[in-house]
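# Overview (structure and organization)
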Amino acid sequence: MFTSGLKAFDAAVRTGSIRKASDSLGVAPSSVSRHVALLEREIGTALFDRKARGVKLTFAGELVADYARSVLIGYDTLRSDLNDLRGTRRRLIRVAMIESIATTGPMDAVKQFNQKYPEVSFELKLLPALRVVEAVRDDECDIGLTFGAEPDHHILTLARFHEPIVVLAPLDHPLAGRERVQLAEVAEFPLALPDESFGVRRIVERASARSAVPLAPTLSTNVFELLREFVRCGIGLALLPQRACRLATQPGLCSIALADRAFTDVTIDLIVLRKRKLPRVVKAFVDLLSREIETAAS
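First things first, this report covers the structure right here in the doc. Numbering of residues starts from 1 in each chain and follows the order in which that chain's sequence is written. A pLDDT threshold of at least 70 governs which residues receive local features in this predicted model, and a stricter bar of 80 or more applies before side-chain atom pairs are shown or counted, although totals over entire chains, interfaces and linings include all residues. Each side-chain value is derived from all of the structure's non-hydrogen atoms; neither hydrogens nor water enter the calculation.

## Description of the overall build of the chain
Note the threshold: By definition, any uninterrupted DSSP run of H or I lasting at least four residues is a helix, any uninterrupted run of E lasting at least two residues is a strand, and each is numbered from the N terminus. The cut-offs for exposure are 20% and 50% of the maximum accessible area for each residue type, with area from a 1.4 Å probe on protein chains only; residues under the lower value are buried, those over the upper are exposed, and the others partly exposed. Every residue pair with non-hydrogen atoms within 4.5 Å of one another is taken to be in contact.
Regarding its fold elements, the chain presents 12 helices and 13 strands. Principal-axis analysis of the C-alpha atoms places the extent of the chain at approximately 70 × 50 × 30 Å. Here the chain holds 298 residues, and the buried ones make up 47% of them. Of the contacts formed within the chain by residues at least 6 apart in sequence, a portion of 76% connects residues at least 24 apart.

## Some details on the pattern of salt bridges
Rules: A pair is scored as a salt bridge if a Lys or Arg side-chain nitrogen falls within 4 Å of a carboxyl oxygen belonging to Asp or Glu.
For the coordinates displayed, the defined rule picks out 20 salt bridges. For Asp142, the salt bridge is made with Arg94, and the minimal N-O distance between the two is 3.1 Å. You can see Asp142 sitting in the loop between α6 (129-137) and β5 (143-147) and its partner Arg94 sitting in strand β3 (residues 92-97), a full 48 residues away along the chain. Take Arg94: its relative accessible area is 15%, and that puts it in the buried class. Ionic contacts of the salt-bridge type, sharing partners, join the residues Glu225, Arg228, Glu229 and Arg232 into one network.

## Section: the state of the cysteines
Here a disulfide denotes a covalent bond joining the sulfur atom of one cysteine to the sulfur atom of another. Quick reminder of the rule: Here, a disulfide means two cysteine sulfur atoms that sit within 2.5 Å of each other.
This structure, assessed with the given rule, holds 0 disulfides. Residue Cys233 stays outside any disulfide, its sulfur separated by 16 Å from that of Cys245, the closest cysteine.

## Quick word on the sheet that holds strand β11 (residues 237-241)
Rules: Two strands pair if DSSP finds at least two bridges between them. Axis definition: a line fitted to C-alpha atoms, over the contacting stretch in the case of helices. Angles run 0 to 180 degrees between N-to-C directions.
An order of β8-β12-β7-β11-β9-β10 is seen for the 6 strands of this open sheet, with the pairing classed as mixed. A single partner strand is all that each edge strand has here, and the edge strands are β8 (180-181) and β10 (219-221). Sheet contacts for helix α8 (residues 199-211): β7 (165-170), β9 (191-194), β10 and β11; angle to β9, the most-contacted strand, approximately 125°. Sheet contacts for helix α9 (residues 224-232): β7, β9, β10, β11 and β12 (253-258); angle to β11, the most-contacted strand, approximately 145°.

## Remarks on the pairing of β3
The buried count for β3 comes to 5 of 6 residues, which makes it a mostly enclosed element. Here 6 bridges tie β3 to strand β4 (residues 121-126), and the two strands are oriented parallel to one another. Along β4, the bridge assignment pairs Met97 with Leu126.

## Structural notes on the nonpolar core
Grouped burial of nonpolar side chains is what soluble globular proteins tend to show. Cut-off, in case you're wondering: By convention a nonpolar core is built from buried Ala, Val, Leu, Ile, Met, Phe, Trp, Tyr and Cys residues, the set being connected through side-chain atoms within 4.5 Å.
Among the nonpolar cores identified, the biggest contains 60 residues, and Ile143, Leu145, Phe147, Leu239 and Phe285 are the most heavily contacted of them. Residue contributions to this core peak at 7 residues, all from helix α12 (residues 280-297). If we ignore the near neighbours within four places in the chain, the residues touching Leu239 are Ile165, Val166, Val167, Leu183, Val186, Leu191, Ala192, Leu193, Pro194, Val200, Val204 and Leu258. Ranked by size, the runner-up nonpolar core spans 18 residues in total, among them Leu6, Phe9, Val36 and Ala68.

Everything listed is a geometric property; what it means functionally is a separate question.
The structure is reproduced here in structure tokens:
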């Protein structure tokens, strides 16, 4: 099939080496090299500069890389739609999501969809916000649920769900009971923050710089449960997405709104690859997923 050469070439582009491409495709390195060489012969120019540590695209290779990705995405969608016509639906829907959304909607959507389409299976991955966007851009997943997605011409946002950043505090904390607080007030206490790979941290640091309120977190981690435990133990406060605080609905904890609009005008975004035409079964799941996330927030 004509896609074989494009798949080998695309894998080499994404991994940066013939050997890694062969590992990802489950074929011998010689097979990848042969397909790439045949493609270069058909195009009439070199697509890679071969180096000891891998391969680097030539200018022509960059043009072909965009074309190859577009063709492979379109071909995958075509096969899915043809399967629909034959009565066999796509069997795998891949979703990458941030941790805070994982238990507020997605699994209810999976349950309902499975009842209607038992032949469809799901692959769900928890990733930091920036990695969710990368996974969608690189076609590692069909659907992404990320935090505060920034403009990207490769990405299409299909839905947005309000998700403010709030302060998680013990009920006996001096700030507990307040309707909202300023970032400067929060900075006076020991603070736990998600690490630099999280969208929350990116927003917090921007607000900190803009308001000239320096933050020196006592704890940085990539695990929300550790942030909640930091508060449960009475060490200090944590800044978390609102949905992540709902998981901590046990006696002794409360959430407080932050006054700055940078923390209140935040969304979780449902994103897909702009140039991909979603297969019908994925579209149906996107609609159900959106409804379930909205229901969970109400």
